[in-house]
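Below are the chains, spelled out letter by letter.
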Amino acid sequence: MSALVVGITVFVLAAFVGFELISKVPPTLHTPLMSGANAISGITIIGAVTAAGLGATPLAQILGFLAVATATVNVVGGFLVTDRMLDMFRSRSERRRDSE
Amino acid sequence: MTEILYLAAAVAFIVGLRRLGSPGTARSGNRIAAVGMLAAVVITLIAQDIVNWGTVLAGLAVGTAAGVWAAVRVQMTAMPQMVAIFNGLGGIASALVAATEVVDTDLAGLSADTAVSILLSILIGAITFTGSFIAFGKLQGVLPGRPLLFPGQQALNALVALGIIGVGIWAGVSGETVGYWVVGGLSLLLGVLAVIPIGGADMPVVISLLNSFSGLAAAAAGFVIESNPLIIGGALVGAAGLILTFQMTEAMNRSLGNVLFAGFGTEGGGTSAAAGIADRPVKRATPEDAAISLGYADSVMIVPGYGLAVAQAQHAVRKLADALEERGTKVHYAIHPVAGRMPGHMNVLLAEADVPYEQLLDLEQADPQFPQTDVVLILGANDVVNPSARDDPSSQIYGMPILNVDRAGTVIVVKRSLSPGFAGIDNPLFYDDKTLMFFADAKEALESTVTALKTL
């Protein structure tokens, strides 16, 4: 199989996994789910690191640097803010446990 | 070996997403995904023979600092804007990855599928970038929330889209670098053009769709550099965003095409019924009126909307609910799927104020309870409680599932003025005999009502 066919296979299977995972999420979690998923889309960071690290020309290095910086904001900010949100959900369930 | 380690990272994403879908495990899910991401970055730093360490480390440092700063500082009410920005940055990162490929490769020697992947990555990434920043501007109030329309808009959009396809084919076939940049420029423009005609109330759909796009951009970049973790992570997010997109359009009883292209909410409330009621008087309520209604009710249902977020009134509403519960009143919250500006927006705000989870009811749970509810308190929600959606076939929102609050005993609407909401549709509920209009900022209204409640 060519790399393209392998890639398409992986893409289609992963998309179906995504559909299965997300279709029954309660509305309460929609915002953290979205921001967590958004952080995962920052996986492009590894492409950015490769591009910046191996860039041969100055222009490629500048573009690579911007790619690493923007992807890192997406990843770090996305996971952190999701954790902050979910922390509030947790304190609620903990309080419920305390009151029982 | 590297590929196996990357696979472990991809598995962490799948497990993480799965755990994010359930309240008890969500936090650990997010952390598992984060660990997977960290592992993927470390593997890349080790496995690739990186030459320009300075560039890479500088990018990581700048991005980390900015990401931490933003994530720690952002207020929960501003979460839709924050997610929009992160979406946009993820999108442009994928486009930039493809752009470095354009700069550093001999384009004439590219295989067709690599050329297509590069072009798609630039296209989707650039649209996500500018589209997200326009959405940010609308949410932040930097740009008007109303749809911005001009004559020939759709023709222009179609022209730009055709231009992208035409130039893209030419660039791919000829291998001319400039063709790739033109595609990038036109895609940035298309992102702006696509989002400016969409009204503020439709932002839950737009944010979900851009979320999906940021994933697809990453997947396209994965095809460019032949990297499975990018393809897997991107496809997962693309699918997740798409599901939320369709859940939102379903909650509004509209098609995705209608949301994106109809310039919804610009025709005003020009329906026959709405025109007739606009001149009718409304009953105004003082804080004391509201306190008496609420204080002597057995059951109260609070319906939060975007106005709650604007007024940062989530803690104030909790105080009112506490005061009512002390008097023996049962308090619940009815949350429409598209209340606020992103899916789940209201839930996050109420969680911040420590509102107990069991008091939050979704549309299906809340709606049957209105006939037995004494008082409904509406805080900055409008279209999701508009009875025109049920009664008036000529209304723009006819057929949208609403919270039928007019079936309750009394309705108190807290709103800053009579002006229609973002969708620009008049609301007969405001003129109903059982409705009290409390004209105030949601936070002030709640605080003054709590004060008045103490004197009862």
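Residues numbered from 1 in each chain as written. Chains lettered and ligands numbered in written order. Predicted model: local features only at pLDDT ≥ 70, side-chain atom pairs only at ≥ 80, totals over all residues.

It is worth spelling out the confidence of the model for chain A at this point. Atomic detail in the predicted coordinates should be set aside for any region of low pLDDT. Put simply, chain A has an average pLDDT of 89, and 88% of its residues get 70 or more. Mean pLDDT across the elements of chain A ranges from a minimum in helix α4 (residues 58-99) of chain A, with 86, to a maximum in helix α3 (residues 44-54) of chain A, with 95. (pLDDT = per-residue confidence, 0-100. Helix = DSSP H or I, 4+ residues; strand = E, 2+ residues; numbered from the N terminus.)

Right, let's talk about the interface of chain A and chain B for a bit. It is common to give the size of an interface as the accessible area lost on bringing the parts into contact. Taken together, the contact between chain A and chain B spans 82 residues of the former and 95 residues of the latter. Where the side of chain A that touches chain B is concerned, the elements lending two or more residues are α1 (3-22), α2 (30-41), α3 and α4 of chain A. No other element matches the 36 residues that α4 of chain A contributes to the side of chain A that touches chain B. Broken down by class, the residue content of the side of chain A that touches chain B amounts to 47 nonpolar, 27 polar and eight charged. (Contact = placed C-beta atoms within 7 Å. Nonpolar A, V, L, I, M, F, W, Y, C, P; charged D, E, K, R; others polar.)

Moving on to the sheet that holds strand β5 (residues 410-415) of chain B. Residues and elements named next belong to chain B. Strand order in the open sheet made by the six strands is β3-β2-β1-β4-β5-β6, with parallel pairing throughout. A single partner strand is all that each edge strand has here, and the edge strands are β3 (360-362) and β6 (435-439). The average angle at which neighbouring strand axes cross in this sheet is 25 degrees, direction not considered. Both strand β2 (residues 330-335) and β3 contribute to a ladder of three bridges, which runs parallel. Following the sheet pairing, Ile335 is matched in β3 by Asp362. In this fold helix α14 (residues 314-326) packs onto β1 (299-304), β2 and β4 (375-379), with an angle of close to 175 degrees to the strand it touches most, β1. (Pairing = 2+ DSSP bridges. Axes fitted to C-alpha atoms, helices over the stretch in contact; angles between N-to-C directions.)

Another point: unusual backbone geometry. Residues and elements named next belong to chain B. Located in the positive-phi region is Asn253, a residue other than glycine, with phi close to 55 degrees. Judged by local crowding, Asn253 falls into the partly exposed class, with 14 C-beta atoms found within 10 Å. With a phi close to 55 degrees, Gln312 is a non-glycine residue in the positive phi region. The topology assignment puts Gln312 in the loop between α13 (306-310) and α14. (Buried ≥ 20, exposed ≤ 12 C-beta atoms within 10 Å, placed from the backbone.)

We now examine the domain arrangement of chain B. Residue and element names in this part refer to chain B. Segmenting chain B into domains produces domain 1 (1-73), domain 2 (76-261) and domain 3 (272-454). Relative placement of domain 1 and domain 2: their C-alpha centres are 23 Å apart. The interface of domain 1 with domain 2 comprises nine residues on the first partner and seven residues on the second. With seven residues, helix α1 (residues 2-20) is the single largest residue contributor to the side of domain 1 that touches domain 2. When grouped by side-chain class, the residues that make up the side of domain 1 that touches domain 2 number eight nonpolar, no polar and one charged. (Domains from an automatic or database assignment.)

In this section: the pairing of β2 of chain B. In this structure, β1 of chain B lies alongside β2 of chain B, joined through four bridges in parallel fashion. Paired with Val300 of chain B across the strands is Val331 of chain B, a residue of β2 of chain B.

Turning next to the packing of α14 of chain B against helix α18 (residues 442-454) of chain B. All names here are of chain B. Their axes nearest at 9 Å, the elements α14 and α18 cross at an angle of 25 degrees. Classified by the angle their axes make, α14 and α18 are roughly parallel. For the pair α14 and α18, the sense of crossing is left-handed. Contact with α14, carried on its side by Ala316, Val317, Lys319, Leu320 and Ala323, involves Lys443, Leu446, Glu447, Thr449, Val450 and Leu453 of α18 and no other residues of that element. Class assignment for the residues of the contact of α14 with α18 results in seven nonpolar, one polar and three charged. (Parallel < 35°, antiparallel > 145°, perpendicular 65-115°, else oblique. Left-handed = near helix turned anticlockwise from the far one by under 90°.)

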